[in-house]
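Coordinate analysis (summary)
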Amino acid sequence: LEQHPDAMKYLSHIFLFQTSLAPQIRQMAGLQLKNLLIRALAPSEGTPDIAYVKGVIPQAIMDPQKVVRETGGSIITTIVTYGGIENWPEIMNSLFEAVQNQDQSIVEGALSTLQKICEDETDQYKHLEQGPFLVHCERTLIPTLLQMAMAQMPDAPVKEKLLRKSAVTCLNFFAAGNVNAFAPGEPLAQFLNNYWQVLGALALDTDASVRRPVCAGMVIMVHPDTIEATVLQALDPVVEFFVRCAQDQDYNVRLEALDFWPRALRYPAIAEPCRRILPSILPLLVENAQYSQWDYLSMTDRQTGLDNAAQPDEETDIAPRFHESKGCDDDDEEREEGTTTWGSGWTVRKAAALAMDNFAVRYQSEVLGPLLPRIDERLKSSNWEVQESAVLVLGAIAPGCLEGLAPHLPQVVEVLLKTTWHEQPLLRSISCWTLARFSGWVILPPQSQTFLPRLLEALLTRVLDSNKGVQEAACSAFATLEEAAGQLLVPFLSDIGQALGKAFDSYQARNQLLLYDAIGTLAQAVGPHIKRNETFTQLILPTLHRRFGTMKEDEYCLVALAECWIGILHALSESAGTPEAAASIQCVQPYIPDLVFRVRTVCTAHLAELEAWRQQRIATRPPGAFLEVGLDLLAAIVELLREQTLELVSSENHNFLPLLVHCCNDPSLQTKQSAFALVGDLAKHSHKVLDGILPQILPILVTHLDKTSTSVCNNASWAVGEICFKNPEVIRPHVNDIGGQLVRLIKRTNQHITLLQNACITLARIGSAWPQELAASLPEFLTPFCFIMKGARFDGEKINAFGGLVKLLKANPHALTADAFVPLADTLASSPPAHLPDVLRGDIAFILSSCKTQFNSQWDTLFQRLPQDSQSVLKTCYGL
């Protein structure tokens, strides 16, 4: 049917007019119509068939069947989203007319469609600028929504509720942080006050379905661009509103309202006045921390079953695995929306715990007065759910209240160790999590002698629990303890290894992922000590090796297992350059050839599948996560083997250089990111390996120095710098191109600081190798270079960067103008002169002394512009 020239008309007829058919069949016709429209709108917008659909589809809103109304709304949204509101302006009038209908079902259908359109269109808001949709919003849509939100219909209360709820929900789409359309400076900023007044007026609405979007809208306003004009203008009423909402009878209102506190407490202007409400809000948060029916609805037998460790996981139990490659992107989220140890989705219980965490961090010991009596009372309860909520509260406030809780912690930890043995799996799980939150206290003397062995024993016991959810919580808690305790775990390595070895045999698929994480984290915590532990070398490593070689190429665990190997290899690499280095390599030497061969095989297969997909020979894009982790695993091997890498790649089966060249050319930015990092590691640790492929990959690196993603650019810059450091001759033909791109990059100071610092270090390396070729550009980048490098960590890289800068200044002394002197002198003073090489310190002294002579008449003025600490260093250490 879809191939028929009149397919859209036939499907429209079935969907809209064949009312004798089952609603599900009509829905299927509607969904097929929607798919046809998506394919047709872009290349064929305005064809007669689409015009026909536009003419008849609004009738779906009037259909008595709810599934037909909803599908019709989705089709209308598709036409608006893909075709543009300017090509169908009359649909909005049709929807507003339908809202006036007396039939509640029709009103619901129209409002639902309106919400879908607002949600989809605001997703593109930042790209629309002053387009037709924004013009429509300014003239018609926003004023109409504001009017609907304040609808007064005493004779039709149900319709009044629908209008208010839907109007506020639509307005929230425009106000949301990713859109922020009402913020000052935005095209719709004129409506900010009206929107805020609507939220205030509806805050006391008696209907919970209206209060919920009102809560969401007020939370949205806690944003740097809007908080001053809204929340801070009515702070006391707003705070009181959210205190009331924390005890609202409606679960969904509480769910929206509790999100206010983590956002609001970031602002001192809100946090200071909120001190007075601690005695009232904190007990409410404790009440909300108890399990409700909504928590249980989000759980499965995995969390609640008493003995389910032997039950295989369902495919839905296992979330997709994504590898984080080397780079400088970071984006942390406070919420955990996916499936966790305590169920999937966001719940009031989790929101209350996050709010208490933020209160504790902000007010620290001040929260203990209202909380400790309630925690103590709940811990003594005979109801395990009440006990569990007390344990959750303890864990939530642990980071912020560690000092204030210190006198109570011996008793607290004793209680928590006891509750890890409770018969209820959920109480055992939360006890593991909370104990891990106190790891920072447990590892400190003198209590570490008593509690660290006991905590370790408790967690390892729960790692082998009969419940899969408890295993998961214990594994995560153990990983937290590993990071905190570090080498304090060395005496316990045999016990740890035995427990993790047993877990290999008993864990189902999902927890195997956590097990690999725990092993990789353990290796990084104890470092090269793992090579001296027989349990690790004779049980853990052979098992990991066997599994890596036999696991299917498309198996989700393969990424986690590769990351585990990366952690182990990084840990062993810590002994590089020491007498222990050979023993570290020997520890994993038997496994490295197989690891490389497996990576090469799997990555080559994945690249072939991706190429087939790009050529449309297969329909579904294959997952490419292993490409990045595979390249990062090769980089970890290079970091450990160093010069011995040359011997490894001399074998045809283990020569991964053709794969590396292919990945450098791959269209995927994620693949390029890892490939460029591997090039940098090879250049740094075994540069001769690159000799045969540098002509192929160096131009690729150069073209990615000033474009694409931050992490790709960062890794390209770092790799070029390492190549220049080890093989400067190969860089010489590219000096002008590289220099030009890096100069443009560091002048854009809004970039990620790691990227800017790497770019400066690479520029300095090129300047050190070829000062005459780069010196002419020095006036262009000297000042931003100094500002960026002043804040860089003092290490060998910073010292080398100053060395390159000094050579450039010698090659072009005229670049050092009066305007450039202050940032230069301030930056040079940021490095302790006593820790600089004698030659470099002497060169810096000469340059600074020359400046004093050069700027003789301006010297006192320029010198006084320097910060006092910089003046002190320059006077004391350089005699200025």
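Keep in mind the model is a prediction, meaning the values are calculated, not measured. (Residues numbered from 1 in each chain as written. Predicted model: local features only at pLDDT ≥ 70, side-chain atom pairs only at ≥ 80, totals over all residues. Heavy atoms only, no water.)

Moving on to the overall build of the protein. A count of helical and extended segments in the protein gives 48 helices and zero strands. For 880 residues, the compact-globule formula gives about 29 Å, and the C-alpha radius of gyration of the protein, at 32 Å, lands near that figure. Judged by the C-alpha coordinates and their principal axes, the protein covers about 90 × 65 × 65 Å. A total accessible area of about 37,600 Å² is found for the protein, and carbon and sulfur atoms account for 51% of it. Charged side chains in the protein number 70 positive and 98 negative. The centres of these two groups are separated by 2 Å. (Helix = DSSP H or I, 4+ residues; strand = E, 2+ residues; numbered from the N terminus. Rg over C-alpha atoms; globule rule 2.2 N^0.38 Å. Areas by Shrake-Rupley, 256 points an atom, 1.4 Å probe, with all protein chains shown as cover. Lys, Arg positive; Asp, Glu negative; His and termini not counted. Charge placed at Lys NZ, Arg CZ, Asp CG, Glu CD.)

With that settled, the discussion passes to the packing of aromatic side chains. Using the criterion set out here, one finds 18 aromatic pairs in the structure. Ring geometry for W565 and Y591: centres 6.0 Å apart, planes at 55°, overall tilted. Of the two residues, W565 is situated in helix α30 (residues 557-573) and Y591 in the loop between α31 (581-588) and α32 (592-614); the sequence distance between them amounts to 26 residues. Note on accessibility: W565 and Y591 belong to one class, buried. Site record: aromatic cluster; members linked through ring pairs are F241, F242, F260, W261, F359 and Y363. Note that R462 overlies the ring of W421, its terminal NZ or CZ placed 4.5 Å from the centroid. The lysine or arginine in question, R765, covers the ring of F725, its NZ or CZ lying 4.5 Å from the ring centre. (Phe/Tyr/Trp six-rings, centres within 6.5 Å; stacked < 30°, edge-to-face > 60°. Buried < 20%, exposed > 50% of the residue type's maximum accessible area, 1.4 Å probe, protein only. Lys NZ or Arg CZ within 6 Å of the ring centre and 35° of its normal.)

With that settled, the discussion passes to the nonpolar core. Counting residues in each nonpolar core, the largest one holds 316 residues, and the members touching the most others are W261, W565 and I568. The contacts of W565, once residues within four sequence positions are left out, are L541, L544, H545, F548, V588, Y591, L595 and L633. (Core = buried A, V, L, I, M, F, W, Y, C linked by side-chain atoms within 4.5 Å. Contact = heavy atoms within 4.5 Å.)

Secondary-structure assignment places E482 in helix α26 (residues 468-485). Discounting chain neighbours no more than four positions away, the residues touching E482 are L489, A518, T521, L522 and A525.

Okay, the packing of helix α43 (residues 778-790) against helix α44 (residues 796-811) next. Where α43 meets α44, the closest approach of the two axes is 12 Å, and the angle between their N-to-C directions is 155°. In terms of orientation, α43 lies roughly antiparallel with respect to α44. For the crossing formed where α43 meets α44, the hand is left-handed. On α44, the residues that touch L778, F781, L782, F785, M789 and K790 of α43 are K798, A801, L805, L808 and L809. Grouping the amino acids of the contact of α43 with α44 by side-chain chemistry returns nine nonpolar, no polar and two charged. (Axes fitted to C-alpha atoms, helices over the stretch in contact; angles between N-to-C directions. Parallel < 35°, antiparallel > 145°, perpendicular 65-115°, else oblique. Left-handed = near helix turned anticlockwise from the far one by under 90°. Nonpolar A, V, L, I, M, F, W, Y, C, P; charged D, E, K, R; others polar.)

Let us look at the pattern of salt bridges. For the structure shown, the criterion picks out 27 salt bridges. Close ionic contact of R211 with D248 constitutes a salt bridge, the shortest N to O distance being 3.0 Å. Of this pair, R211 sits in helix α11 (residues 208-220) while D248 sits in the loop between α12 (235-245) and α13 (251-257), and the two are 37 residues apart along the sequence. Of the two residues, R211 and D248, neither departs from the other in class, the shared state being buried. For the salt bridge of E773 with R732, the shortest nitrogen-to-oxygen distance reads 3.0 Å. Of this pair, E773 sits in helix α42 (residues 771-774) while R732 sits in the loop between α39 (728-731) and α40 (735-746), placing them 41 residues apart in sequence. (Salt bridge = Lys/Arg side-chain N within 4 Å of Asp/Glu carboxyl O.)

Turning to α40, a few remarks are in order. Taking 1.5 Å of rise per residue, the twelve residues of α40 would be expected to cover 16 Å, and the 16 Å separating its terminal C-alpha atoms lies within 8% of that figure. Of all the residues in α40, the buried ones are V735, I738, G739, Q741, L742, V743, L745 and I746. Residues of α40 that are buried sit in contact with α37 (694-703), α38 (710-726), α39, α41 (753-769), α42 and α43. (Expected span 1.5 Å × (residues − 1).)

Here the focus is the environment of V239. Tracing the backbone through its elements, the reader meets V239 in helix α12. Spatially, the C-alpha atoms of V239 and I281 are 9.9 Å apart, while their sequence positions differ by 42 residues. Those residues within four positions of V239 in sequence are excluded, and the remaining contacts are W261, C274 and I277.

Turning our attention to unusual backbone geometry. The amide bond that connects P445 to the next residue, P446, takes the cis arrangement and shows omega of 5°. Among the secondary structure elements, P446 is positioned in the loop between α24 (439-442) and α25 (447-463). Even without a glycine there, the phi angle at Q364 is positive, about 50°. Its location among the elements puts Q364 in the loop between α19 (348-363) and α20 (368-379).

The next point concerns the side chain of D63. The topology assignment puts D63 in the loop between α3 (48-56) and α4 (66-83). Polar contacts involving the side chain of D63 include one to the side chain of R26, which spans 2.5 Å. The contact partners of D63, leaving out residues within four places of it in the chain, are L16, R26, V68 and R69. (Polar contact = N/O pair within 3.5 Å; in protein donor to acceptor, adjacent residues only side chain to side chain.)

Let us look at the environment of S74. Within the secondary structure, S74 is located in helix α4. Beyond its immediate chain neighbours, meaning those up to four positions away, S74 contacts K34 and K116. Polar side-chain contacts of S74 include one of 2.8 Å to the side chain of K34.

A separate point is the confidence of the model for the protein. Confidence in the prediction for the protein averages 89 pLDDT; 94% of positions are at 70 or higher. Within the model, the stretch residues 329-334 combines pLDDT values under 50 with seven contacts to residues more than four positions away or in other chains. (pLDDT = per-residue confidence, 0-100.)

For the structure shown, the criterion picks out zero disulfides. This cysteine, C760, is not joined by any disulfide, and C786 carries the nearest cysteine sulfur, 8.8 Å off. (Disulfide = S-S within 2.5 Å.)

L657, L659, L660, V661, C663 and C664 are the residues of helix α35 (residues 657-665) that are buried. Along its buried surface, α35 packs onto α32, α33 (625-641), α36 (669-685) and α37.

Before going further, it helps to examine the packing of helix α27 (residues 493-506) against helix α29 (residues 534-550). At a closest axis distance of 9 Å, the pairing of α27 and α29 adopts a crossing angle of 30°. Comparing their axes, α29 and α27 come out roughly parallel. The hand of the α27/α29 crossing is left-handed. Every residue of α29 that contacts α27 at S494, G497, Q498, L500, G501 and F504 is listed here: T535, L539, I540, T543, L544 and R547. Per-class residue counts for the contact of α27 with α29 are five nonpolar, six polar and one charged.

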